[in-house]
Amino acid sequence: MSFPIVVDTKDQVRTPAEARVDLAAIRHNVGLLSERAAGADIMVAVKADAYGHGLVPSARAALEGGATRLGTAFVREALALRAEGITAPILAWLITPDEPLDEALLQGVELSASAPWLIDAIVAAAARTGRTARVHLEVDTGMSRGGAPLSAWPALIESALAARAEGAVEIAGMWSHFACADIPGHPATEAQLAAFGEALRIADAMRVPSDAIRHIANSAAAFTLPQARYDMVRPGIASYGLSPIPEMGDFGLRPAMTLVARLAQAKRVPAGSGVSYGHLYVTERETTLALVPLGYADGILRGATNRADVLLAGHRRRISGRVCMDQFVVDAGDDVVAEGDEVILFGPGTRGEPTCQEWADSLGTITHEIVTRIGSRVPRVYVDERGDHADRAGSAPPSRGGQE
């Protein structure tokens, strides 16, 4: 896994491409979500390098926007936040047997548990470190992914209560995750709410402390299911300005990422020129072809071939021919374009460029996949509320959804 490294803002090195991240947009989006949460706490999901936007800068912007907590998939993501001085409560929820639990407890990272074996592992880590673990118990209410099934829920609670009696564990929360909240009216959502209510009743009967934080709402539920807010909501994709339910509009969100590149080459070619691998695009007349130095190694899906649009020289243009590992071609017609000209793949749409949602629609996927695939060769450049470049971030060499 790689995380951004902040480079001196005086660095003027021009890169072939960059993902410009508007931190003011993230603050705006989290503030909007906080308003919609109507008093519930906000835990912003910053897993997967903050959905490709950059872990640490995005986390800080989320906290400035009103988030009270942060959520990560893995412990090592949470530890990366701690290493950068972020002290807000952090929950790591995807715990495997080889996760660094000792370090998590030493750094005050809260942990999710969905089975007694994990409670046992957390208790052992608590004994080694002398720290009491804050644990969120996960129940599977119908997604059939993580969490204890309702049939196994009492055993998980019993294990956690025994650990609590030993002073090893504090039951900090109880939670679940929606499978279909982004599909308005889907019957599974009401069924999951009912199952979560039953899980909470069981917990109450077994005397789980009443101050345990109850949470199930993701981005979609935060906007459309007030009954699912409970004590906290966990927005993910909406924090970055991308709608969790596109058919219902943008909810006032502002997309934070704009992906741009600078042309590597522009040249005239005759009619009948086959373009890129397989000649899936052939020029109909003499034209100018523009070479964009981004490819599937950078997260530009190969499926964008002849399907996705970009903005170049003030006009939208379709990707022409096969997307390659490091580059793709755009037919610029007779417009004058030159090496170094900027092309916008997607952004908020305010300059006529395609949006991330349009890219997702054209490729038959979701915006989550578009932004999280943008790779480590593409620096993240952060912009503040005045539109100034705040800093430049690249990625260290890598050592390496359900929809939030």
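In the block above lies the structure referred to throughout.
Residues numbered from 1 in each chain as written. Predicted model: local features only at pLDDT ≥ 70, side-chain atom pairs only at ≥ 80, totals over all residues. Heavy atoms only, no water.

Asker: Give a description of the overall build of the protein chain that names residues and reports values.
Answerer: When helices and strands are tallied, the protein chain shows 11 helices and 22 strands. Against the globule reference of 22 Å for 404 residues, the protein chain gives a C-alpha radius of gyration of 23 Å, in line with a compact fold. Counting over 404 residues, the protein chain shows a buried share of 55%. Counting only carbon and sulfur atoms, one obtains 51% of the accessible surface of the protein chain, whose full area is about 16,500 Å². The averaged location of the 49 negative side-chain charges in the protein chain is 2 Å from the averaged location of its 38 positive side-chain charges. (Helix = DSSP H or I, 4+ residues; strand = E, 2+ residues; numbered from the N terminus. Rg over C-alpha atoms; globule rule 2.2 N^0.38 Å. Buried < 20%, exposed > 50% of the residue type's maximum accessible area, 1.4 Å probe, protein only. Areas by Shrake-Rupley, 256 points an atom, 1.4 Å probe, with all protein chains shown as cover. Lys, Arg positive; Asp, Glu negative; His and termini not counted. Charge placed at Lys NZ, Arg CZ, Asp CG, Glu CD.)

Asker: With reference to specific residues and values, describe the packing of helix α6 (residues 116-129) against helix α7 (residues 153-165).
Answerer: Remark: α6 packs on α7, axes separated minimally by 9 Å, with the N-to-C direction vectors making an angle of 15°. The angle between α6 and α7 places the two elements in the roughly parallel class. Handedness of the α6/α7 crossing: right-handed. Within the contact between the two elements, α6 uses Pro116, Ile119, Asp120 and Val123 and α7 uses Ala155, Leu156, Ser159, Ala160 and Ala163. A class-by-class count of the residues in the contact of α6 with α7 yields 7 nonpolar, 1 polar and 1 charged. (Axes fitted to C-alpha atoms, helices over the stretch in contact; angles between N-to-C directions. Parallel < 35°, antiparallel > 145°, perpendicular 65-115°, else oblique. Left-handed = near helix turned anticlockwise from the far one by under 90°. Contact = heavy atoms within 4.5 Å. Nonpolar A, V, L, I, M, F, W, Y, C, P; charged D, E, K, R; others polar.)

Asker: An account of helix α1 (residues 23-37) is requested, with residue identities and associated values reported.
Answerer: Taking 1.5 Å per residue as the helical rise, α1 with its 15 residues ought to reach 21 Å, and the 21 Å between its terminal C-alpha atoms agrees with that figure. Looking only at α1, the buried set comprises Leu23, Ala24, Ala25, Ile26, Asn29, Val30, Gly31, Leu32, Leu33 and Ala37. The elements touched by buried residues of α1 are β2 (17-22), β3 (41-45), α3 (55-65), α9 (219-224), β11 (232-233) and β21 (380-383). One side-chain oxygen at the N-terminal end of α1 lies 3.0 Å from the backbone nitrogen of Ala24; it belongs to Asp22. Among the residues trailing α1, Ala38 stands out with phi positive, at a value near 50°. (Expected span 1.5 Å × (residues − 1). Polar contact = N/O pair within 3.5 Å; in protein donor to acceptor, adjacent residues only side chain to side chain.)

Asker: Can you lay out empty space enclosed by the protein for me, pointing to particular residues and giving the numbers?
Answerer: For the largest cavity, the calculated volume is near 30 Å³. Taken together, His53, Tyr240, Leu242, Pro255, Ala256, Met257, Phe346, Gly347, Cys356 and Val371 make up the full set of residues lining the largest cavity. For the lining of the largest cavity, the residue count by class is 8 nonpolar, 2 polar and no charged. (1 Å grid on protein atoms, 1.4 Å probe; cavity = no way out; pocket = protein on both sides within 12 Å on 5 of 7 lines; lining within 4 Å. Points joined across faces, edges and corners; volume = space filled by probe spheres on them.)

Asker: Summarise the pattern of salt bridges; cite the residues concerned and give the values.
Answerer: Under the criterion given, the structure shown has 21 salt bridges. In this structure, the salt-bridge partner of Arg262 is Glu18, at a minimum N-O distance of 3.8 Å. Pair noted here: Arg262 is in strand β12 (residues 257-262) and Glu18 is in strand β2, with a separation of 244 residues, a long-range link. As far as burial versus exposure is concerned, Arg262 and Glu18 are alike and both buried. For the salt bridge of Arg134 with Glu170, the shortest nitrogen-to-oxygen distance reads 2.7 Å. One end of the pair, Arg134, is in strand β7 (residues 133-140); the other, Glu170, is in strand β9 (residues 169-175), and 36 residues separate them in sequence. Classification of Arg134 by relative accessible area gives partly exposed; the value is 25%. A residue is classified by how much of its surface remains accessible, and Glu170, at 34% relative accessible area, is partly exposed. (Salt bridge = Lys/Arg side-chain N within 4 Å of Asp/Glu carboxyl O.)

Asker: Before we move on, could you go through the pairing of strand β6 (residues 110-113) and cite the residues and values that matter?
Answerer: Burial of β6 is two-sided: the residues Glu110 and Ser112 facing one way and the residues Leu111 and Ala113 facing the other way are all buried. Direction of pairing for strand β5 (residues 90-92) relative to β6: parallel, over a ladder of 2 bridges. If you follow Ala92 over to β6, its bridge partner there is Leu111. What joins β5 to β6 is helix α5 (residues 101-106), and the crossover it makes is right-handed. Taken together, the 3 bridges between β6 and β7 define a ladder with parallel strand orientation. Bridge pairing in β7 places Ala113 opposite Leu137. Taken together, β6, α6 and β7 constitute a β-α-β crossover, and its handedness is right-handed. (Pairing = 2+ DSSP bridges. Right-handed = clockwise from strand over helix to strand, strands pointing away.)

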